[in-house]
Amino acid sequence: MKRNLLFVSFIILAILFTGCSFKDYNSAYKNEEGYSNYISNSKTGCKDMNSFGLVSNLEDEESQEYYKKNSRVCGDYLITNYLDGVCINRYLGHNNTIKIPKTLDNKPVIMLGEFISDEKYNGKNQIYGAFAGIKDCKITIPSTVKYVTSGVLWVSCDGDTTGFTGKYENDFASVKIDKNNPYYTYIDNIIYTKDMKTLLYINFYDYYNNEDGEDFYIVADNIENFEPINQMLYGNYQIYFGKNIKKIDADFGTDNSGNVLVYCYKGTVAEKWAKNKGIYYAFNDNDTTTSDVGAVPGP
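Quick caveat, the model's predicted, so the values are computed rather than measured.

Enquirer: What should I look at first to understand the confidence of the model for the protein chain in this one?
Expert: Overall, the prediction assigns the protein chain a mean pLDDT of 77, with 69% of residues at 70 or greater. Here helix H1 (residues 2-18) stands out as the element of the protein chain with the lowest mean pLDDT, 51, in contrast to strand S6 (residues 103-104), whose mean of 97 is the highest. This model gives residues 22-27 a pLDDT under 50, and the stretch forms seven contacts once residues within four places in sequence are excluded. Scored below 50 in pLDDT, residues 157-161 makes three contacts in the model with residues more than four places away or belonging to other chains.

Rendered as structure tokens:
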């Protein structure tokens, strides 16, 4: 009898400590109205990795209604159910160094998503990434996470803030991935697919604060797909593309591509991409990716 009382007391304390709801979401949440809309984009992300860089999981009214009815607080996080685990919609804590837990509410954290803010623009509440508003944010993504919306790691900038205030500005000093994550690899503030063929995210903090004062990034020869989900808006820097690049999908915004200089090999996807985007480019020689033979403007 005493053992049973101790067990029940432990369960109650655990629930109170975590701040998680007592409601059992395992039984019926898959049938909740709007749930299918909420997870419908789980197969559409980065073109070469279908779980990273998803569009917002709060795209339509049905998804938003599901979020409003089913989101709950668990510790420092606002979460919802997502497939066989949970989605972190918002970080509610005040630390800027955040090691995201593997589990919340006894379910694996498999998704990093977005939340509906109290900030309105044109009569609609704005949607922001889970860590918006945390200044100088440093996060470590656990091994359980497979799904990430592009809004989570989107960094706000002066040229792209129409209708937004600084209250929910994204400001990442570092984004790291647990080494045991089976989907992604993290090296030097860059996130790749596990096979190291697709570049998914660059945190420019290191590249624009290096001790040499040089602003450049080298895309290694093993990278076939250059698809960073965050806008590459910092100007006056150089990108050196390797020989085996097959696809480039990078957003420089509308007014900043003129400050970028691309080094590429003749006849490659990188050269065609630079010409198409009107980006200044120069050719590498056959032996190195650092020879400057003079930049020529795109059309």
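Enquirer: Sorry if this is basic, but what is going on with helix H4 (residues 269-277) here?
Expert: Note that an α-helix has 3.6 residues per turn; residues three or four places apart therefore point the same way. Looking only at H4, the buried set comprises Ala-270, Glu-271, Trp-273 and Ala-274. Burial along H4 is one-sided: seen end-on, the buried residues are contained in an arc of 165°. Along H4, the residues that are exposed and aim more than 90 degrees away from the buried face are Lys-272 and Asn-276. Just downstream of H4 lies Gly-278, where phi reads positive at about 70°.

Enquirer: I keep staring at the nonpolar core and nothing clicks. Help me out?
Expert: Nonpolar side chains in soluble globular proteins tend to be buried together. Membership of the largest hydrophobic core comes to 30 residues, with the highest contact counts inside it found for Phe-52, Ile-88, Leu-112, Phe-131, Ile-139 and Leu-153. Looking at this core, the elements with two or more residues in it are strand S3 (77-82), strand S4 (85-91), strand S7 (107-112), strand S10 (137-141), strand S12 (172-177) and strand S15 (198-202). The residues contacting Phe-131, other than those within four sequence positions of it, are Tyr-91, Ile-98, Ile-100, Cys-137, Ile-139, Val-152, Asn-170 and Phe-172. Core analysis: the next-biggest nonpolar cluster, separate from the first, contains 20 residues, Ile-202, Tyr-217, Ile-248 and Ala-250 among them.

Enquirer: How should the sheet that holds strand S13 (residues 184-187) be read in this particular structure?
Expert: Pairing between the strands of a sheet comes from backbone hydrogen bonds, and it takes one of two forms, parallel or antiparallel. Sheet architecture is open: five strands sit in the order S13-S14-S15-S17-S19, paired in mixed fashion. Across the chains shown, the open sheet's two edge strands, defined by having one partner strand only, are S13 and strand S19 (247-248). Pairing analysis gives four bridges linking S13 to strand S14 (residues 190-193), with the strands arranged antiparallel. If you follow Tyr-184 over to S14, its bridge partner there is Thr-193.

Enquirer: When you look at the sheet that holds strand S5 (residues 97-99) in this model, what are you seeing that I'm missing?
Expert: One open sheet holds the three strands; their spatial order is S5-S10-S12, and the pairing between them is parallel. What marks the edges here is a single partner per strand, and that holds for S5 and S12. Adjacent strand axes in the sheet meet at a mean angle of 10° when their direction is disregarded. Pairing between S10 and S12: five bridges, direction parallel. Bridge pairing in S12 places Thr-140 opposite Lys-176.

Enquirer: For this particular structure, what's the right way to read the packing of aromatic side chains?
Expert: Two numbers describe a pair of aromatic rings. These are the distance of the centres and the angle of the planes. Inspection of the entire model under this criterion finds 15 aromatic pairs. Between Phe-52 and Tyr-184, the ring centres sit 5.0 Å apart and the planes meet at 70°, which makes this aromatic pair edge-to-face. With Phe-52 in strand S1 (residues 52-54) and Tyr-184 in strand S13, this residue pair connects regions lying 132 residues apart in the sequence. In terms of burial, Phe-52 and Tyr-184 fall into one category: buried. Every member of this aromatic cluster is reached through a ring pair, and the members are Tyr-35, Tyr-38, Tyr-66, Tyr-82 and Tyr-147.

Enquirer: It is not clear to me how unusual backbone geometry should be interpreted in this structure. Could you clarify?
Expert: It is generally the case that most residues other than glycine have a negative phi and that most peptide bonds are trans. In this structure, Asn-106 is a non-glycine residue whose phi angle is positive, near 65°. As for its placement among the helices and strands, Asn-106 is situated in the loop between S6 and S7. The phi angle at Asn-122 is positive, at roughly 55°, despite the residue not being glycine. Mapped onto the secondary structure, Asn-122 falls in the loop between strand S8 (114-121) and strand S9 (124-129). The class for Asn-122 is exposed, based on a relative accessible area of 69%.

The rules behind these values
- Residues numbered from 1 in each chain as written.
- Predicted model: local features only at pLDDT ≥ 70, side-chain atom pairs only at ≥ 80, totals over all residues.
- Heavy atoms only, no water.
- pLDDT = per-residue confidence, 0-100.
- Helix = DSSP H or I, 4+ residues; strand = E, 2+ residues; numbered from the N terminus.
- Contact = heavy atoms within 4.5 Å.
- Buried < 20%, exposed > 50% of the residue type's maximum accessible area, 1.4 Å probe, protein only.
- Arc of directions from axis to C-beta.
- Core = buried A, V, L, I, M, F, W, Y, C linked by side-chain atoms within 4.5 Å.
- Pairing = 2+ DSSP bridges.
- Axes fitted to C-alpha atoms, helices over the stretch in contact; angles between N-to-C directions.
- Phe/Tyr/Trp six-rings, centres within 6.5 Å; stacked < 30°, edge-to-face > 60°.

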